[in-house]
Structures are given as structure tokens and as C-alpha cells.
Amino acid sequence: MAEGGVRQCQHCAVPPQLSLRTVNSSRSAFASFLFAPLFFQLYEAGGPPPDRELFRCKVLMKSFLGVFRSLPSLEKTVGKCLILLKPRASRLVVQLHCKYGVTKTHNLAFQECERLQAIFDTQRCTSSLCAPARVLAEAVVHFPPTLAEVTLGTGPGGKISLRNYVEDEAGEPSKTMVTELWLAKDEFETVAITPGSHITFCLKEFRGLLTFAEASNLPLTIHYDAPGRPVIFTLADAVLEVHLVLATLSDPESSLQPPTANGVSHLPTPSEDFTDDLESYMIAMETSAYEEGSGVPPSPTFPLCTPHPAESDPEEEEEEEEGAVPGTPPHKKFRSLFFGSVLTPGGPSPAPTQEVLAEDSEEES
Amino acid sequence: MRFRAKIVDLACLNHFSRVINTIAKLAKTCTLRLTVSKLYFILSDKVANGGVSMWCELCQGNFFDEFQMEGVAAEHNEIYLELVPENLARALKTAQSAKAVKIKLTNKHCPCLRVAVELPSLSSSSRIVTHDIPVGVIPRRLWNDFREPSVPDFDVSIYLPVLKTMKSVVERMKNLSNSIVIEANLNGEMNLKIETDLVSVTTHFKDLGNPPWSNSAQDRDLESMAEARIDIKKLQQLLAGQQVNPTKALCNIVSKRIVHFILLHEDVSLQYFIPALA
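As the structure is a computational prediction, the values presented were derived from the model and not from experiment.

Asks: A description of the overall build of chain B should follow, citing residues and the corresponding values.
Replies: If you tally the helices and strands in chain B, you get four helices and 18 strands. Its C-alpha atoms give chain B a radius of gyration of 21 Å, within 12% of the compact-globule value 19 Å for 278 residues. Expressed as a percentage of the 278 residues in chain B, the buried residues total 58%. A fraction of 64% describes how many contacts in chain B between residues 6 or more apart in sequence connect residues 24 or more apart. Of the roughly 12200 Å² of accessible surface on chain B, 48% is carried by carbon and sulfur atoms. Positive and negative side-chain charges of chain B, numbering 33 and 29 respectively, have mean locations separated by a distance of 9 Å.

Asks: Tell me what's going on with the domain arrangement of chain A, and back it up with residues and numbers.
Replies: It is common to report an interface's size as the accessible area lost on association of the parts. All names here are of chain A. Split into domains, chain A comes out as domain 1 (2-112) and domain 2 (122-255). For the domain 1 and domain 2 pair, buried surface summed over both sides reaches about 1200 Å², with 59% attributable to carbon and sulfur atoms. In this assembly, domain 1 and domain 2 are joined by zero salt bridges. Applying the counting criterion to the domain 1 and domain 2 interface returns five residue pairs in polar contact (both at pLDDT 80 or more). For the side of domain 1 that touches domain 2, the class distribution of residues is eleven nonpolar, five polar and one charged.

Asks: Please provide a residue-by-residue account of the packing of aromatic side chains, values included.
Replies: Think of a pair of aromatic rings as described by two things: how far the centres are apart, and how the planes are tilted against each other in angle. Counted according to the given criterion, the structure contains 17 aromatic pairs over all chains. Ring centres 5.2 Å apart and planes at 70 degrees place the aromatic pair B:Phe16 and B:Phe64 in the edge-to-face group. Placement of the pair is B:Phe16 in helix H1 (residues 10-26) and B:Phe64 in the loop between strand S4 (53-59) and strand S5 (66-70), with a sequence separation of 48 residues. Through pairs of rings, three or more aromatic residues link up here, namely A:Phe33, A:Phe35, A:Phe39, A:Phe40, A:Tyr43 and A:Phe212.

Asks: Give me the lowdown on the packing of helix H3 (residues 163-174) of chain B against helix H4 (residues 232-241) of chain B, citing residues and values where you can.
Replies: Residue and element names in this part refer to chain B. Look at H3 against H4: their axes get within 9 Å of each other, and the N-to-C directions meet at 145 degrees. At the point where H3 passes H4, the crossing takes the left-handed sense. Contacts from Leu163, Met166, Lys167, Val170, Glu171, Met173 and Lys174 of H3 reach H4 at Ile232, Lys233, Leu235, Gln236, Leu239 and Ala240. Residue composition of the contact of H3 with H4, by class: eight nonpolar, one polar and four charged.

Asks: Tell me about the sheet that holds strand S2 (residues 30-34) of chain B, residues and numbers included.
Replies: All names here are of chain B. Read from one edge of the open sheet, nine strands run S10-S6-S2-S3-S4-S18-S17-S16-S11, paired in antiparallel fashion. Sheet topology places strand S10 (136-137) and strand S11 (156-159) at the edges, where each strand pairs with a single neighbour. Running over the sheet, H4 touches strand S17 (258-265) and strand S18 (268-275) and is turned about 170 degrees from S18.

Asks: Which residues make up the pattern of salt bridges, and what are the values?
Replies: The tally for this structure, following the rule as stated, stands at twelve salt bridges over all chains. Of the charged contacts, one joins A:Glu138 and B:Arg127 as a salt bridge, the two residues approaching to 2.7 Å between their closest N and O atoms. A residue pair is termed interchain when its members come from two chains, as with A:Glu138 in helix H4 (residues 133-140) and B:Arg127 in strand S9 (residues 127-134). Residue B:Arg127 is classed as buried on the basis of its relative accessible area, which comes to 3%. B:Arg114 serves as the salt-bridge partner of B:Asp132, at 2.8 Å between the closest nitrogen and oxygen.

Asks: Account for the environment of B:Val199, naming residues and giving values.
Replies: Residue and element names in this part refer to chain B. Tracing the sequence through the fold places valine 199 in the loop between strand S13 (190-195) and strand S14 (200-205). Sequence-wise, valine 199 and leucine 176 are 23 residues apart; in three dimensions their C-alpha atoms are separated by 8.2 Å. Those residues in contact with valine 199 that lie beyond four places of it in its chain are Leu176 and Ile194.

Asks: Any chance you could break down the packing of H4(A) against helix H5 (residues 203-216) of chain A for me, citing the residues and the numbers?
Replies: Residue and element names in this part refer to chain A. In the contact formed by H4 and H5, the axes pass within 9 Å of each other and the chain directions differ by 140 degrees. In this view, H4 runs oblique relative to H5, as classed from their interaxial angle. For the pair H4 and H5, the sense of crossing is left-handed. Contact residues: Ala133, Arg134, Leu136, Ala137 and Val140 in H4; Leu203, Phe206, Arg207, Leu210, Ala213 and Glu214 in H5. A per-class count over the contact of H4 with H5 returns eight nonpolar, no polar and three charged.

Asks: Mind laying out the environment of A:Glu187, listing which residues take part and the relevant values?
Replies: Within the element layout of this structure, A:Glu187 appears in the loop between strand S11 (178-183) and strand S12 (190-192). Looking at A:Glu187, the relative accessible area reads 5%, which means it is buried. The spatial distance from the C-alpha of A:Glu187 to the C-alpha of A:Glu114 is 41 Å, given a sequence separation of 73 residues. Ignoring sequence-local partners within four residues, the contact set of A:Glu187 consists of A:Ala131, A:Pro132, A:Val135, B:Ser121, B:Leu122, B:Ser123 and B:Arg127. A distance of 2.7 Å separates a polar atom in the side chain of A:Glu187 from a polar atom in the side chain of B:Arg127.

Asks: Now, about unusual backbone geometry: what can you tell me, with residues and values included?
Replies: Phi is positive for A:Tyr100, close to 60 degrees, though the residue is something other than glycine. With respect to the helices, strands and loops of the structure, A:Tyr100 is situated in the loop between strand S5 (91-98) and strand S6 (103-109).

Asks: Before we move on, could you go through the sheet that holds strand S9 (residues 149-154) of chain A and cite the residues and values that matter?
Replies: If you walk across this open sheet you meet the nine strands as S13(A)-S9(A)-S10(A)-S11(A)-S9(B)-S8(B)-S7(B)-S1(B)-S5(B), and the pairing is antiparallel. The outermost strands of the open sheet, each flanked by one partner alone, are strand S13 (198-202) of chain A together with S5 of chain B. Pairwise comparison of adjacent strand axes, ignoring direction, gives a mean angle of 15 degrees for this sheet. The pairing of S9(A) with S13(A) spans five bridges and is antiparallel. What sits directly across from A:Val150, in S13(A), is A:Phe201. This element, H4(A), spans strand S10 (160-164) and S11 of chain A together with S9 of chain B of the sheet and lies at about 155 degrees to S11(A).

Parameters and conventions
- Residues numbered from 1 in each chain as written.
- Chains lettered and ligands numbered in written order.
- Predicted model: local features only at pLDDT ≥ 70, side-chain atom pairs only at ≥ 80, totals over all residues.
- Heavy atoms only, no water.
- Helix = DSSP H or I, 4+ residues; strand = E, 2+ residues; numbered from the N terminus.
- Rg over C-alpha atoms; globule rule 2.2 N^0.38 Å.
- Buried < 20%, exposed > 50% of the residue type's maximum accessible area, 1.4 Å probe, protein only.
- Contact = heavy atoms within 4.5 Å.
- Areas by Shrake-Rupley, 256 points an atom, 1.4 Å probe, with all protein chains shown as cover.
- Lys, Arg positive; Asp, Glu negative; His and termini not counted.
- Charge placed at Lys NZ, Arg CZ, Asp CG, Glu CD.
- Domains from an automatic or database assignment.
- Buried area = accessible area lost by both parts, 1.4 Å probe.
- Salt bridge = Lys/Arg side-chain N within 4 Å of Asp/Glu carboxyl O.
- Polar contact = N/O pair within 3.5 Å; in protein donor to acceptor, adjacent residues only side chain to side chain.
- Nonpolar A, V, L, I, M, F, W, Y, C, P; charged D, E, K, R; others polar.
- Phe/Tyr/Trp six-rings, centres within 6.5 Å; stacked < 30°, edge-to-face > 60°.
- Axes fitted to C-alpha atoms, helices over the stretch in contact; angles between N-to-C directions.
- Left-handed = near helix turned anticlockwise from the far one by under 90°.
- Pairing = 2+ DSSP bridges.
- Parallel < 35°, antiparallel > 145°, perpendicular 65-115°, else oblique.

Here's what the structure looks like:
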């Protein structure tokens, strides 16, 4: 059992299918892995009726991941893995049956929890792209490991572009290297995108999913809509369905015009570099040009929208941008609550009498 | 001011990126000087970088398939740029299988060195990655700050032992002390020494040979050591960071003042100056 867990906080398990879900502390990323019973050699949905019901619980990511640490050695030694959910004992038991009759049993404490579900609809997304994970993985290696966000967009000639998102400091010409990559349409399996569309999302989570997708050799589909609406990455085969929902940077209309990091209209044509037209090469540049460069257009700002209450309207679920204070860490801008009312905010565990063995992961942040 | 260059040959590309990696390890920012026949990476000895200076020189003809440049004026046919070599190293890192790499000076929003990498892909057209590396154009009045440092009037000049060996020695010594004494004589002997309150360690190298400099001090006693105490981190940085695998490596010691390292590899020369500590 190869489990690609690079996610952040907690898991929920829900018979009649096993589903693992997590959301990060700022609620800007949600991942769900849904395993069909056939994924497993044996799948039993509990015993007598009360246990047969949908059951949800959360376990600490750290302890769950600990069981599957160092996959290479696990693959060598483990014959089978048995996962038992014992609601009465409040234990999630993971047994690894290893070579030479060694059995490792991990008893993980869990808490019952409510349904964790991001609200998204891939059908409503105007753009979608599907590519072998390898193509995308090879594309993201060009970006530095520390890069926070990447912008996916369309380039001239129907090419798909990826570029690192650079926050424009007020007036200062950016000192950051800008990397941009173009992928031809025929590298993708399907391309159905709105021309000129672009979105900016966190690269870290995307890289995590790509690692898993590459290992499982599945094509990855990206669904997205307007900037600020979540982007949904999906992977699926007969027995497994994976969704990663990430918040995207909102993009006020105004920033579409100036040639900032976001402006697709000003993307240089890739062909320019290789057709060698004399004009692009003959860019006269005097030393004084350096000073002129400081007249960079205003930075794209993140609008101060009236924040809607968290669980107001199911239609408002996608995004709630908050005004970003310039200079705050990039993640802050992704403060998006695409969770509907399914989450009681800060609500107590449904079983308050239960001894809390694992701290609520909200405190991790 | 114009500059455009292109590398097609993979071996040249790898060689070039090794040189850039070496530079990136030695300097956070440096000056790139472009002339018609050569490229120079220069770090001038400012107090901010600990008095260390660097001069790296490569012949463009040995790396580039195309190389066109035009300086500010015909009589000053040179370009001086300030850049972060790490950016260039990063751009080249993922270009190891490239079909072609083009480097050119552009001025779209700000002066940039644009590295355009053409990568093979599964489809009919190549994948193209561009990296816009912001650069500062250094005005002509400041060019004098970037003159080639002259070879100091040294006391002893000696060939270095195998750099890997030297590196492992220095790396171990680094755990014990912050400074290292390099001493050498004209009899081909060199010692690396650290001295602390608790421990003194010396590694002796012999039969290293002394390069034949025409102006070297003839009257010097062959056995007498010239020594300089330098920052061990700086030395370790040089030894660990260098990827050019020099065919010749030597150092010139000016007693108690400076140690001048020269690494030579066919078409690349790297000079590195580490000042002696008080």
C-alpha cells in the first residue's frame, strides 16, 4: 500500500469507502483520497449495525504518517498492512505484517469529528487541463524549492505557461529572477481552457500531489475558474480518487492592465527567443535605463472585500479574500474559506466525554 | 549595449554551469564583465565580503557557439553587469539536457539577463523555459573598481596538493578552529595549521613543487616558511565550492598579509584572494 501523504493535518475515515481527508491550518488547501473497497485485498465495513454507519474520525497526521515512514524499507519488509477501526476503543489500529513473522501494531488514538468537505464543483470550472504527471513534474523542477506560488496561464500560440509569481514591491524593480516555462498543447492529454485565463496557487501542495501522481503514474487533471476561485487537481483510477483543492490568488481587474507579474497580455512570446528576430535582440540599453526601470507599474493588490461570515451562504463558499497587508507572508493572502457550514467553527468534539489523547490539530499552527 | 550568446554543445554547457556553480558558491553577488573575447566574474575586495576578492576569467570561444556583444561605445567595447550568480546557476541547473541555451541582455521592465533554455519534450515542439535574471548595469565611471588584481609581491609561491585531500583536511580543521595558518617554503613544503587553547593540529605536505615565476625572490632561504593566518571558512568555501577541477592549482603567500589562490583549467582561470587575519 503506497500512501502518498505529504499533507498537513488530519484524516477522516468514512466507510463504506475509506476516505482520507485533510485541510491545512489556514484552510487554503484541502486534500481528499477516496479508496474504493477494491483498492484493498479485503474491506469489511464493520460489524453490527451501529458500527456500520458512516464513521468519521480524525487522527494526528504526524502519528499516522509515522507508521508509513520510510517507504523503501516498508516495501521490502511488509507483506501486508491491516487497518482496523475500533470505535469502541477509540483506536485506529494499523498492523504491518512483516517478513519473518514480525508484526508491528500501531494503536492510534482518534477523535470523532464532523464531515470535512470542501465545497467545489469541477463541472462549474471554466477551464481544465489534463496531463501526465511526469510532464507537470518536469515543469515544476525549474522553479526554486523555496518558491511559494506559481501562476498557470495561457501563452501565445495556445501554449500553457507556468511562471513564478512575484510580488511587486512598491515601486522597486523586482530583484527576483522570473522563470517562465511554456508547454505545448500536445504535451497535454486534454486542454479546454478559456483563452487568457490564469491562476496563481501554492506550489508546495501541488508538488506534493505531483510526487504522488508521478509514483502512481496517473494523469493529473487541473480544473480552474477565475482567479480567486479554487483550483481543483484530480487524479483518478478505478479504485482511487484524489482531489486537491487549493485557494488561488484573487486578481482585481485593475491589475490585468499593467504589465505586472500577472499580466498575461504582456508575456513575451517564447518564439521570440528562438526566431532571433533582429529587433528583439537589438534592444538598445544605456546605463541610464536602469533608473527608468524603477517606474514599475503598481503592484497587484488584493482587494479589501467585505468579509463574509464564514458559514453564511453555501453559494459563497469558494473564496473570501481578505485584504492582504503588503509585506505579509504570501500564505496569508490565501485565507480562503471554501468550506461551507459543515464545519462547526472551533466546535467541540462530538464526544466531549471522550478523553482527548491527541490534541486538536488546530493548535498546531 | 547589446549582448547575445548561445550554447548548443552539451559538454560546453555542463562546463559552463560548473564554472557558474563555483562562482555562486564563492560570491553572493558579483560583477560580470563581458568583452568580445572573454567573460569575467569579479568580486572586488570590499569590507562587506570580508576583504575577499575573486577574479574568474573564461574565453567565450570555448563555451559559446554564438557570442555577440556591443558595449556602450566603440572605444569601450565592454559591458559590466552586477548579478546574483546563484540565479544563473539555478537557471543552468535544470538545463543539463537542453538542446540549446541562449543568454541575452534585455530591458523589458528592468535590465535582465534572459536565459532561454530549449528542452526536449515528448511532443513535436520543444519545451521552452526562460529565466529573467535581474542585473544592474554598472556605469562606466565605476568600471575602474573592477580592474584585474595584480599578482601580489609574494614571499612564496607553491603548487597546491590535490584539492580533494586539502578539502577534507580543512573541513576537519574547521570544526576545531575559526582560523587556519597556511605556511609554505620554496622547497615544496606546505603546512596547514590550527592552534587553539586545547589542540594544535598540523598537516604537512611535501614535494609540492614551486612554480617558476620570473620575478620570484631568488635570495630567499629555501627552508624558511612564509605564513599567513586566514579565515578557515573562506578557505573551506573555496575548496568545497570549486567544481572546475583545475589542472593546475597554486597559491602565493605574502607573509601575514594575503594568500592568493590560482586555479587553472584549460580555458578557465580563477583567482581568489583571502586576506590574512590580524
